Amino acid sequence: VAALINDGDTIMLDTGSTTAYVARALGEHRNLSVVTNCTEIARTLAREASNRVHLCGGKLRADDWATFGSAAIDFVRQFHANYAILSIGGVTDSGGFMDYHLEEAEFSRAVIAQAETTIVVADHSKFGNANFVKVCGFEEVDMVVVDRPPPDHILGALNEANVAVIDAAEAVQTAPTSLP
């Protein structure tokens with residue numbers, strides 16, 4: 001994902017272990033404008049003085065120090081970004097992208113609405129996990145970056161929705177590349 005982001009881009013990242021790894025990989029990037037609800041991601045990207053990092057207010061969750069609720073969503077709606085980078089809890093061929101908590105899904109949907117291009121980052125353990133809350137369907141996402149290819153039934157559904165699937169481990173593309 002870090003290879004897709006250029007110095008000076010505007011990005012929104014939601015909370016999650018995978019997006020926290022993306023933030024670390026963006027450590028050498030400069031002049032980024034960042035909006036996030038994750039204190040860890042904010043701290044990571046604010047270490048570069050040229051980056052402008054905006055941390056959403058809202059209800060602070062104790063387990064991951066992320067903010068949620070109407071204040072966080074209202075804050076996000078003030079911005080426009082080149083990229084939304086989302087961590088999710090599950091990917092199913094019938095349900096699309098899923099998450100564990102309603103507040104996470106609501107925040108992710110708000111971020112998607114403010115971005116030109118939406119990228120989901122997911123490791124192989126997410127494939128087939130139906131989880132509890134739907135974030136969005138495949139048609140709302142432009143690209144999925146994975147650590148290994150999804151099962152054929154999920155890959156087929158992603159391809160049908162014209163979602164680019166990038167295998168980060170192989171750096172080989174298995175679906176269309178046209179990004180808005």
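Thresholds applied
Here the residue numbers are simple positions, counted from 1 along each chain's written sequence. For a predicted model such as this one, the threshold for reporting local features is a pLDDT of at least 70, and the threshold for listing and counting side-chain atom pairs is 80 or more; totals across whole chains, interfaces and linings nevertheless cover every residue. The basis for every side-chain value is the complete set of non-hydrogen atoms in the structure, without hydrogens or water. In what follows, salt bridge is the name for a side-chain nitrogen of Lys or Arg lying within 4 Å of a carboxyl oxygen of Asp or Glu. Starting at the N terminus, helices and strands are each numbered in turn, a helix being any DSSP run of H or I of at least four residues and a strand any DSSP run of E of at least two. Each residue's exposure class comes from its accessible area (1.4 Å probe, protein chains only) as a fraction of the maximum for that residue type: buried when under 20%, exposed when over 50%, partly exposed otherwise. By convention, a stacked pair of Phe, Tyr or Trp rings (six-membered ring in the case of Trp) has centres within 6.5 Å and planes under 30 degrees apart, an edge-to-face pair has planes over 60 apart, and any other such pair is tilted. In what follows, residue pairs with any heavy atoms lying within 4.5 Å of each other are defined as contacts.

Any chance you could explain the pattern of salt bridges here in plain terms?
It is possible for side chains bearing opposite charge to pair when their charged atoms get close. Enumeration according to the criterion identifies 8 salt bridges in this entry. Where R30 meets E48, a salt bridge forms, and the shortest distance between an N and an O atom there is 2.9 Å. Linking R30 in the loop between α1 (17–25) and β2 (33–36) with E48 in the loop between α2 (39–46) and β3 (52–55), this pair joins segments that are 18 residues apart in sequence. Owing to a relative accessible area of 30%, R30 belongs among the partly exposed residues under this scheme. Across the salt bridge formed by R77 and D74, the nearest N and O atoms sit 3.8 Å from each other. By relative accessible area, which is 52% here, R77 ends up exposed. Note on D74: relative accessible area 45%, which makes it partly exposed. Bridged by salt links that share partners, the residues R61, D63, D64, E103 and E104 form one connected network.

Would you take a moment to explain the packing of aromatic side chains for this structure?
Each aromatic ring pair is described using two quantities: the centre-to-centre distance and the angle formed by the ring planes. The tally for this structure, following the rule as stated, stands at 3 aromatic pairs. For the pair F68 and F107, a centre-to-centre distance of 6.5 Å together with 85° between the ring planes defines the contact as edge-to-face. With F68 in strand β5 (residues 67–68) and F107 in helix α4 (residues 102–113), this residue pair connects regions lying 39 residues apart in the sequence. Of the two residues examined, F68 and F107, each falls in the buried class. Here F97 and F138 contribute two aromatic rings whose centre-to-centre distance is 5.1 Å and whose plane-to-plane angle is 70°, an arrangement assigned as edge-to-face. Residue F97 is found in strand β8 (residues 96–99), and its partner F138 is found in the loop between β10 (133–136) and β11 (143–146); the two are separated by 41 residues along the sequence. Residue classification places F97 among the buried residues on the basis of a relative accessible area of 0%. On the accessibility criterion, F138 (6% relative accessible area) is buried.

I would appreciate a short explanation of α1 in the present structure.
Since the α-helix turns once every 3.6 residues, residues separated by three or four places project in the same direction. Those residues of α1 not exposed but buried are T18, T19, A20, V22 and A23. Packed against the buried residues of α1 are β1 (10–13), α2, β6 (81–87) and β9 (115–122).

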